[in-house]
Amino acid sequence: MAQALVLLASFLIFSNVAHCDFSPRVIVDLAKILMDNYCSPEKLAGMEEAIDTGSSNTDILSISDPATLASVLTDGVKKTIFDSRVKVTYEPGYVPPAPPAMPDFPPEQLAEMIKGTVKVEVLDGNIGYLKIQHIVGEEIAQKVGPILLEYIWDKVLPTSAMILDFRSAVTGELSGIPYIVSYFTDSEPRIHIDSVYHRTSDVTTELWSMPTLLGKRYGTSKPLIVLTSKNTLGIAEDVVYCLKNLKRATIVGENTAGGSIKINKIKVGDTDFYVTVPVAKSINPITGKSWEINGVAPNVEVAAEDALDTAIAIIKLRAEIPGLVQAAAALVADNYAFPSIGDDVVEKLGAVVASGEYNQISTKKELEAKLSADLLKLSGDKCLKATSNIPARPPMNLTPEMFIELIKVSFHTDVFENNIGYLRFDMFGDFEHVAKIIAEHVWDKVVDTDMLIIDLRNNVGGSTSSIAGFCSYFFDDDKQIVLDHVYNRPSNTTSDLLTLTQLTGRRYGSKKSVIILTSGATAGAAEEFVFIMKRLGRAMIIGETTHGGCHPPETFRVGESDIYLSIPISHSDIAQGPSWEGAGIAPYIPVPADAALDTAKAILNKHFSGQK
Ligand SMILES: *[C@@H]1O[C@H](CO)[C@@H](O)[C@H](O)[C@H]1NC(C)=O
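Procedures and definitions
Residues numbered from 1 in each chain as written. Predicted model: local features only at pLDDT ≥ 70, side-chain atom pairs only at ≥ 80, totals over all residues. Heavy atoms only, no water. Helix = DSSP H or I, 4+ residues; strand = E, 2+ residues; numbered from the N terminus. Rg over C-alpha atoms; globule rule 2.2 N^0.38 Å. Contact = heavy atoms within 4.5 Å. Areas by Shrake-Rupley, 256 points an atom, 1.4 Å probe, with all protein chains shown as cover. Lys, Arg positive; Asp, Glu negative; His and termini not counted. Charge placed at Lys NZ, Arg CZ, Asp CG, Glu CD. Salt bridge = Lys/Arg side-chain N within 4 Å of Asp/Glu carboxyl O. Buried < 20%, exposed > 50% of the residue type's maximum accessible area, 1.4 Å probe, protein only. Pairing = 2+ DSSP bridges. Disulfide = S-S within 2.5 Å. UniProt positions renumbered as here; feature names shortened; annotations may be inferred. Axes fitted to C-alpha atoms, helices over the stretch in contact; angles between N-to-C directions. Parallel < 35°, antiparallel > 145°, perpendicular 65-115°, else oblique. Left-handed = near helix turned anticlockwise from the far one by under 90°. Nonpolar A, V, L, I, M, F, W, Y, C, P; charged D, E, K, R; others polar. Core = buried A, V, L, I, M, F, W, Y, C linked by side-chain atoms within 4.5 Å. Phe/Tyr/Trp six-rings, centres within 6.5 Å; stacked < 30°, edge-to-face > 60°. Lys NZ or Arg CZ within 6 Å of the ring centre and 35° of its normal.

By the naming in an unreviewed UniProt entry, the protein chain goes by Retinol binding protein 3 and is assigned to Cyprinus carpio.

On to the overall build of the protein chain, then. A count of helices and strands for the protein chain gives 16 helices and 25 strands. In terms of overall size, the protein chain is more extended than a compact globule, its C-alpha atoms giving a radius of gyration of 37 Å where 612 residues would be expected to give roughly 25 Å. Dimensions of the protein chain, computed from the C-alpha atoms along their principal axes, are close to 110 × 65 × 45 Å. By sequence separation, contacts in the protein chain at least 24 residues apart represent 77% of the contacts at least 6 residues apart. When the accessible surface of the protein chain is summed, it comes to about 29200 Å², and 55% of that surface belongs to carbon and sulfur atoms. For the protein chain, the distance from the average site of its 55 positive side-chain charges to the average site of its 75 negative ones is 3 Å.

Taken as a whole and judged by the stated rule, the model has 20 salt bridges. In this structure, the salt-bridge partner of Lys-265 is Glu-91, at a minimum N-O distance of 2.8 Å. Here Glu-91 lies in the loop between strand E1 (87-90) and helix H5 (107-117) and Lys-265 lies in strand E11 (residues 262-267), a separation of 174 residues in the sequence. For Lys-265, a relative accessible area of 33% translates into the label partly exposed. The closest approach of N and O atoms between Glu-368 and Lys-364, which form a salt bridge, is 3.4 Å. Here the residue Glu-368 and the residue Lys-364 both occupy positions in helix H11 (residues 364-379), the gap between them amounting to 4 residues, near one helical turn. Accessibility expressed as a relative area gives 17% for Glu-368, which makes it buried. Three or more residues are tied together by salt bridges with common partners; here these are Glu-357, Lys-370, Asp-374 and Lys-377.

Attention now moves to the pairing of strand E7 (residues 192-198). Taking burial as the measure, the 7 residues of E7 include 6 buried ones, the bulk of the element. Linking two consecutive strands that pair antiparallel, namely E7 and strand E8 (residues 203-208), is a turn of 4 residues; a positive phi of about 55 degrees is found at Asp-202 within it. Two elements, E7 and strand E12 (residues 273-283), share 4 bridges in a ladder whose sense is antiparallel. Across the sheet, the residue bridging to Tyr-197 is Lys-281, located in E12.

Counted according to the given criterion, the structure contains 1 disulfide. Between Cys-383 and Cys-550 runs a disulfide, and the two sulfur atoms are separated by 2.4 Å. Here Cys-383 and Cys-550 share a disulfide; its torsion about the S-S bond, -105 degrees, makes the bridge left-handed. In this pair, Cys-383 sits in the loop between H11 and strand E14 (385-387) while Cys-550 sits in the loop between strand E21 (540-543) and strand E22 (554-557), placing the two residues 167 residues apart along the sequence. Taken as a pair, Cys-383 and Cys-550 share a single burial class, namely buried. In this structure Cys-242 is a free cysteine whose sulfur lies 19 Å from that of Cys-39, the closest cysteine sulfur available. You can call Cys-242 buried: its relative accessible area is 3%. With no disulfide of its own, Cys-471 lies 18 Å from the sulfur of Cys-550, the closest cysteine sulfur.

The feature "domain: Tail specific protease" (unreviewed entry), as given by UniProt, occupies residues 106-303 and 399-592 in the numbering adopted here. Counting secondary structure, residues 399-592 comes out at 21% helix and 27% strand; the distance between its end C-alpha atoms is 40 Å.

Take the sheet that holds strand E24 (residues 570-571) next. A sheet is described by the order of its strands in space; here 3 strands give the open sequence E19-E18-E24, paired in antiparallel fashion. Of all the strands in the sheet, just strand E19 (493-498) and E24 have a single pairing partner and so form its edges. Bridge count between strand E18 (residues 482-488) and E24: 2 bridges; the pairing is antiparallel. Within the sheet, the bridge partner assigned to Tyr-487 lies in E24 and is His-571. Across the sheet, helix H15 (residues 525-535) is in contact with E18 and E19; its angle to E18 comes to roughly 135 degrees.

Remark: helix H10 (residues 339-354) packs on H11, axes separated minimally by 9 Å, with the N-to-C direction vectors making an angle of 130 degrees. With respect to H11, the element H10 is oriented oblique. Where H10 crosses over H11, the handedness of that crossing is right-handed. Counted together, Ile-341, Val-345, Lys-348, Leu-349 and Val-352 of H10 and Lys-370, Leu-371, Asp-374, Leu-375, Leu-378 and Ser-379 of H11 form the full contact between these two elements. When grouped by side-chain class, the residues that make up the contact of H10 with H11 number 7 nonpolar, 1 polar and 3 charged.

What follows is about the nonpolar core. Formed by 46 residues in total, the largest nonpolar core has its most connected members in Trp-153, Phe-166, Ile-177 and Phe-184. Going through the elements one at a time, strand E3 (127-132), helix H6 (138-156), strand E5 (161-165), helix H7 (177-182), E7, strand E9 (224-228) and helix H8 (235-245) are the ones with two or more residues in this core. With 8 residues, H6 is the single largest residue contributor to this core. Core analysis: the second largest hydrophobic core is formed by 38 residues, Ile-407, Phe-411, Leu-456 and Phe-470 among them.

A word on the packing of aromatic side chains. As enumerated under the stated definition, the model contains 20 aromatic pairs in all. Following the ring pairs from residue to residue traces out a cluster consisting of Phe-411, Phe-425, Phe-428, Trp-443, Phe-470, Tyr-473, Phe-474, Tyr-508 and Phe-529. Residue placement shows Lys-534 over the ring face of Tyr-588; its charged tip is 5.6 Å from the ring centre. Geometry around Phe-416 places Lys-601 over its ring, the cationic atom sitting 4.1 Å from the centre.

Across the interface, helix H9 (residues 307-335) lies against H10 with an axial gap of 8 Å and an inter-helix angle of 170 degrees. In terms of their interaxial angle, H9 and H10 are classed as roughly antiparallel. Of the residues in H10, those in contact with Val-325, Ala-329, Val-332 and Ala-333 of H9 are Gly-342, Val-345, Val-346, Leu-349 and Val-353. A class-by-class count of the residues in the contact of H9 with H10 yields 8 nonpolar, 1 polar and no charged.

Turning next to the sheet that holds strand E13 (residues 300-301). Pairing in this open sheet of 6 strands is mixed, and the strands run E2-E3-E5-E9-E10-E13 from one edge to the other. Strand pairing shows two members of the sheet lacking a second neighbour, strand E2 (118-123) and E13, which therefore form its edges. Alignment of strand E10 (residues 250-253) against E13, held across 2 bridges, turns out to be parallel. Considered in E13, the bridge of Gly-253 is made with Glu-301. H6 rests against E2, E3 and E5 of the sheet, and its axis sits at about 30 degrees to E2. The strands touched by H9 within the sheet are E2, E3, E5, E9, E10 and E13, with E9 carrying the most contacts at an inclination of about 165 degrees.

Below is the structure:
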């Protein structure tokens, strides 16, 4: 405060005034009002000093225009306590509003008045809509309770979801908070809604949900959306903050105003200056914090005028969620590569939905994220997840020359000293129909080497259709070898993956040394190749443990929605223990991926000199 008053003083040096228009008592009284009433006394340290400085500094009071002085004082206070709610105003003729009294109107007339201030509707889809501008206090609620019940509450009670429109809720009474909250909670256990610290009495009162209410509760299971705007203020903000943190309501709209649970306008001495000051503060028992000053951030932020449409969309989505999750579960049960895990996932997913964990979801994106997280948690398989449905790219119209170029850049070959071949490619594909081009432009360059390094460190997988063919080049044509047993869930069959008897181009054969380089990125079809070559003892693996992916998953549409699941439908032979899926394949010689090639060369060179 002292600092702020110094600021004020320096400002006033430049204002050309000769005499004092206002008594120095204005400063003293203003400071005292804040000292005695402001809700957060800890922010007022130094106020005593400020009073002394202020009252002895007559320059501050030399502004001749009272409205200007009021705004200068407002700025000074704001700079000291950083609270934009405190305002000094100059209002000659201000008449403080009388405390709200319940006029003794006949019930019919009261009903008309209430119908005029509260808008109630049942929207399409059996959605209750209640627009509230003023939150009535306990006294009025008691008196007009039966009318509120008959004209408002009974209309929306049987709906299957509710929208509370607080976008223009700007007034209310503290004692009304437990009423509103209680209609959306259970009677037991009672809920500690808020603690309110009253500065003047230095007393903290607790607001609790009410065990008995007039009429029926809306309860806790039906969706509740509260609409907010940047004008939603005070008591309404307290209700919003409470329902949000209880996770009972989803807040849709704009960040609220950041008002006060109780704000008074206090006359400064016998002047026409008034200071508006928060005299109480709210401390939410869940967060230990308050919505005051900063307002309540919505769960779903949209412009106030779009909030109703957004709320309706959220309610529609929520109604579909149990069916969608069930449909997703059915897809997992029918298609997931590991049937017993799939059955377990389905059972547990049902329990997760029943526990209400999906009740607060507001967007399709959140649903996908939650579904993916649950599928991962329940299956332990990172390949089983929600996915966006990327439409298959239309086949490219390539000329034969362009096609050859594409193959050439996709495969890297080299021949190092001692006739060591090197072959690198980063993706498996449907190589069958391009076997001739690969044989001529790639394979022929390395097939006559004495040893071969296959570099799969950057190979992220792809189609497994060419695995058997590719493996076959490293075995002889005199007998067929079983490479893997692959179980396919949709058909519930296991098929043998065998070496091919007919190949395009020449074989590398089963005698020459082969080293495969791996990294943590080596995934999917590449892992299947490494798995086979390692298990059959046909290659030495050097590098890092592979990614631990899966056989190429398939994309399934969940019901009629535009949510898609990526589900692995096949797995490798697990008769002799777990295969590579999920866990990856450990190398024979573990070295960091970027050292793997040098290590491989060194081993093969040593092998070569040993042979001489
Ligand atoms: C899969 O086939 C086996 C027999 O090969 C049968 O025992 C099993 O019940 C089938 N599983 C499903 C889910 O159809």
